[in-house]
Amino acid sequence: MENAPPGSRPPETASMEPPGGGELSLAHHGKTGELYAISLINVLYRILTLGVYHFWAKTRVRKYVWSQTSLQGERFEYTGRALEMLIGYALAMGILIPLVLAWQFLVQVLLVGSPGLGGLVSLPVYLGFIYLAGFARYSSLRYMLSRTRWRGIRFGLVGSPWNFALATLGYTTLLGMTMGLYWPMMQIHLSGAILNNLYFGDSLRVRFQTGTGGLFRKFLLFWGGAALLYFGIMVFIVVLFRLTTTEDSSQGALPLLQMAVPMLAVAGAVTGFSALWLAYRAAELRFLAAATRLEPAAGPGGQPPLVQVAVDFSTWEYIKFKMTNNAAMVLSLGMAYPWVLTRTMHFACKHLRLQGDPDLDALAQSSAPPPRTGEGLAEAFDLGGI
Amino acid sequence: MEYTGYYHDGQTSARQPVRVTLENTALTVYALDGGLICRFSYQGLYLSEDVFPGQPVRLRHHEAGEAALIVEDDRILETLHLRAGKSMGGWGRHFSGLRGLAVLLSGVVVASGLVLWALNMAVPHLTVLVPESWERQLGALVVEQMAGEKGFCTGEEAAEILSGLAGRLLEGAETPGNFRVRIARDPMVNAFAAPGGEVVFMKGIIDEFQSPEELAAVLSHEMAHGLNRHPTGKLLRVIGLKLFFNATLGDVSGLAGTAGQITEVLVLNAYGREDELEADLLGVEMLNRAGIRGDGLVTLLERLGQQGGNASGLPRLLATHPGHGERIDRLKGMASATGAALTPEQWQLVRQSCGGGGG
């Protein structure tokens, strides 16, 4: 994995003057109705093929979403094939199923009388799952990027998925040990591990470089706020319970109040927690984007950037956007997905800013061979995504 | 016919403006200065993605490597169709708003209906194919899992009495069977049959019984389900449905959860109306043949029906489609025997086997 070169301490956020003064235009042309048509056709084929069509369905949706998104007026292209995904899935299943069966046999049959030993055996298995999920995330991204073209030029992700898996495992362990406080550092390190390996053809590469302090301070605000909220709600419920039970509640004098108020409190807490989290996420996304630049692929790191990335949504805009998406998904039992996806693409294209004026006519095709199969493991772990 | 567009050679990101002409066997790409860039034969030409209104047409060729041709005017698809005699799959352009969605939605509904109907039809035939040894193993597993740590009520005498009653009910049955009857230490008012001849009463229902004939009636009813292999059929139906919904929703992350739900399916889910009526009928036949009074199920159903508001006390036995009144009337007309199911001493032993009250 390629990382930022050692040397002078990088700035907290790499925001700088937009290179070249210009800006690249990004747009999404997709329509909800069209995506619903595709989804319905996909459901139909899935039913008729008893699910095998899944990979073709996914490919079809990607082809639509990619081809409806344009950079400088040129639409992206997805060239992945369903059969590649199906083969990847079959390979992943061929490895995963025997492993899971062996583990289950060990725990449920051989060690059935000793739950302690069963737990001990299961721990490395759970760690293994985290490791494999990291591997799956990286290799699925690598596959997807290698099948993404703009003006015929392929994207590419170099670096090793095994290293990324190890990093995921290590950072997740740290996350648990620090009661979640490691989250912003984990996000920065893992984003760097991906973005610093991301290339466009042979000419352009992404450079991600930042310190962690600024984001950590923002995370502390969220973490403290969430903890306060949690204890506040707990105290509220306990006080309420005391108040209502000291009166003659055995007669059921205040059953409605006793039932409804804690439920409202919990609903309020969930909403409050979500809002806090989304406020942090908005800051995190702005921070990560500001640390991301496009540079010429050749030569040493730290060259003047050709394009500076930024996202420009306000915290409130982001909270409103995500909460509407989530509410729509829950209330529609998931059937709002095409609407949510289209909306997300429009939102992303509107707020992702690519500042710079690079020469986009002279970029060379990638000389690296793309992976042959992909995403099987990601599918097995149900990592989602488009 | 001539179109304008641009060409990517797949080597650089240059976007070369071009003229495209469609000839008899091939499509030819010219630079704006007239120089020939390439020819794509119709054979091997394909669309990179579905084309929707307002979207440029992106064409690739199997023999052209990474090169791509982009034409802004989507009418080229019709020209290609006329010239090359092949459909280019630009269905998205013909998609017309709500009407198109309605047609597609109807298709989904019809296809779902067909698959579910086929599943329902196939289940009885599939059930017959499940080997009895599998059923027995599955049944034992399910019953153990259900009882969990609470376990079963011990008491060999009570177990013998229940086996004896099951044996009497089986006498003269057309289908031979071998049943194991147990009482689980569970306060739920319920009884169920698992595959492989397992019948489980929960302690709650034993306490609820007011006569041994009520017990015999429920036992014969559950045994009838077992003899007709309804539990296995129900499992196949539920697994089939789960597979269907997973397939439809595109969830291929596995069916790992299904195994854990088998017990829940058997204990809590109701059988279909036909299965229930079939079990009622066979159950009463068994009681008649064994010479046991058949009004037990009637009195139990009537009593539990009156307590109907209490959902937790309402056994699965009641939570099924045949209407109460209809079911009770039917049962009343069929019972013909008048004998007792157990002696008062035997009844006492069964009632006490789980620490319940006598009488």
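Here goes a summary of the coordinates provided. (Residues numbered from 1 in each chain as written. Chains lettered and ligands numbered in written order. Predicted model: local features only at pLDDT ≥ 70, side-chain atom pairs only at ≥ 80, totals over all residues. Heavy atoms only, no water.)

**Regarding the overall build of chain B**
So the rule is basically this: To qualify as a helix, a DSSP run of H or I must reach at least 4 residues; to qualify as a strand, a run of E must reach at least 2; elements of each kind are numbered from the N terminus. The contact criterion used is simple: two residues touch if any of their non-hydrogen atoms lie within 4.5 Å. Computed by Shrake-Rupley with a 1.4 Å probe, the accessible areas treat only the displayed protein chains as cover when residues are assessed.
Counting its secondary structure elements, chain B contains twelve helices and ten strands. Long-range pairs, those at least 24 residues apart, make up 61% of the contacts in chain B between residues at least 6 apart in sequence. With the model as given, the accessible surface of chain B reaches about 16,900 Å², and the carbon-plus-sulfur share is 56%.

**Observations regarding helix 12 (residues 344-352) of chain B**
Residue and element names in this part refer to chain B. Test applied: With a 1.4 Å probe rolled over the protein chains alone, any residue whose accessible area is under 20% of its type maximum counts as buried; one over 50% counts as exposed, and the rest are partly exposed. Of all possible arcs, the one meant is that of the directions from the helix axis to the C-beta atoms.
Taken residue by residue, helix 12 has Trp347, Val350 and Arg351 as its buried positions. Seen end-on, helix 12 carries its buried residues on one side only, within an arc spanning 100 degrees. On its buried face, helix 12 sits against helix 4 (156-170), strand 8 (180-184), helix 5 (203-208) and helix 6 (212-227).

**As for the packing of aromatic side chains**
Residue and element names in this part refer to chain A. This is how the line gets drawn: Paired rings are identified among Phe, Tyr and Trp, the last through its six-membered ring, by centres lying within 6.5 Å, and are further divided according to the angle between planes into stacked (under 30 degrees), edge-to-face (over 60) and tilted (the rest).
Counted according to the given criterion, the structure contains 23 aromatic pairs over all chains. Both rings, one in Tyr45 and one in Tyr53, keep their centres 4.8 Å apart while their planes meet at 45 degrees; by these two values the pair is tilted. Between Phe135 and Trp162, the ring centres sit 4.1 Å apart and the planes meet at 35 degrees, which makes this aromatic pair tilted. Here Trp162 lies in helix 5 (residues 161-177) and Phe135 lies in helix 4 (residues 115-146), a separation of 27 residues in the sequence.

**Here we look at the interface of chain A and chain B**
For clarity, the threshold we go by: Here the quantity called buried area is the total loss of accessible area, with a 1.4 Å probe, experienced by two parts when brought into contact, counted for both. Salt bridge, as applied in this entry: a Lys or Arg side-chain nitrogen positioned within 4 Å of an Asp or Glu carboxyl oxygen. We define a polar contact as two N or O atoms separated by no more than 3.5 Å, with the added condition that, inside protein, one atom must be a possible hydrogen donor and the other a possible acceptor, whereas residues neighbouring each other in sequence contribute only through side-chain atom pairs.
Contacts between chain A and chain B engage 42 residues on the former and 38 residues on the latter. Of the roughly 3,300 Å² buried where chain A meets chain B, counting both sides, 59% is carbon and sulfur surface. Three residues stand out in chain A for area buried against chain B, namely Leu40, Ile47 and Glu77 of chain A, and they jointly supply 18% of the buried area on that side. At the surface where chain A touches chain B, the tally comes to six salt bridges. The closest approach of N and O atoms between Glu77 of chain A and Arg58 of chain B, which form a salt bridge, is 3.9 Å. Joining chain A to chain B, the criterion identifies 21 residue pairs in polar contact (both at pLDDT 80 or more). Residue assignment for the side of chain A that touches chain B shows that the elements contributing at least two residues are helix 1 (32-48), helix 2 (54-67), strand 4 (74-75), helix 3 (82-110), strand 7 (153-157) and helix 11 (376-380) of chain A. The element contributing the most residues to the side of chain A that touches chain B is helix 1 of chain A, with twelve residues.

**A few points about the sheet that holds strand 1 (residues 23-24) of chain A**
All names here are of chain A. As a reminder of what qualifies: Two strands are said to pair when DSSP picks up at least two bridges between them. Note on definitions: angles span 0 to 180 degrees between N-to-C directions of axes, and those axes are lines fitted to C-alpha atoms, for helices only across the stretch in contact.
As summarised here, the arrangement of the nine strands in space is 1-12-11-10-9-8-7-6-5, forming an open sheet in which the pairing is antiparallel. Two strands lie at the open edges of the sheet, namely strand 1 and strand 5 (77-78), each paired on one side alone. Sheet contacts for helix 6 (residues 183-195): strand 7, strand 8 (198-200), strand 9 (204-208) and strand 10 (292-296); angle to strand 9, the most-contacted strand, approximately 165 degrees.

**A word on the pattern of salt bridges**
Inspection of the entire model under this criterion finds 23 salt bridges over all chains. A salt bridge links Arg136 of chain B to Glu132 of chain B; its shortest N-O distance comes to 3.9 Å. Residue Arg136 of chain B and its partner Glu132 of chain B are both found in helix 3 (residues 132-147); the two are separated by four residues, about one turn of the helix. Of the residues examined, Arg136 of chain B reaches a relative accessible area of 46% and is grouped as partly exposed. The shortest N-O distance in the salt bridge between Asp207 of chain B and Lys203 of chain B comes to 2.8 Å. Here Asp207 of chain B pairs with Lys203 of chain B, and both are found in helix 5, just four residues apart, close to one helical turn. Residue classification places Asp207 of chain B among the partly exposed residues on the basis of a relative accessible area of 34%. Each of Glu77 of chain A together with Glu49, Arg58 and Arg60 of chain B takes part in salt bridges that share partners, so that together they form one network.

**Observations concerning the pairing of strand 4 (residues 36-41) of chain B**
Residue and element names in this part refer to chain B. For strand 3 (residues 26-31) and strand 4, the ladder comprises five bridges, and the chain directions are antiparallel. Across the sheet, residue Thr28 finds its bridge partner in strand 4, namely Arg39. Taken together, strand 3 and the strand that follows it, strand 4, pair antiparallel across an intervening segment of four residues, in which Gly34 is found at a positive phi of about 100 degrees.

**Looking at the pairing of strand 10 (residues 198-202) of chain B**
Residue and element names in this part refer to chain B. Burial analysis of strand 10 places five of its five residues in the buried class, which makes it a mostly covered element. Burial of strand 10 is two-sided: the residues Glu198, Val200 and Met202 facing one way and the residues Val199 and Phe201 facing the other way are all buried. As paired strands, strand 8 and strand 10 are joined by five bridges and run parallel to one another. The residue of strand 10 that forms the bridge with Arg182 is Val200.

**A word on the packing of helix 6 of chain B against helix 10 (residues 296-306) of chain B**
All names here are of chain B. To keep it simple, the criterion reads: The labels follow the angle: roughly parallel below 35 degrees, roughly antiparallel above 145, roughly perpendicular from 65 to 115, and oblique for the rest.
At a closest axis distance of 7 Å, the pairing of helix 6 and helix 10 adopts a crossing angle of 100 degrees. Taken together, the axis directions place helix 6 and helix 10 in an arrangement best described as roughly perpendicular. Taking contact as the criterion, the partners of Glu213, Glu214, Ala217, Val218 and His221 in helix 6 are, on helix 10, Gly296, Leu297, Thr299, Leu300 and Arg303.

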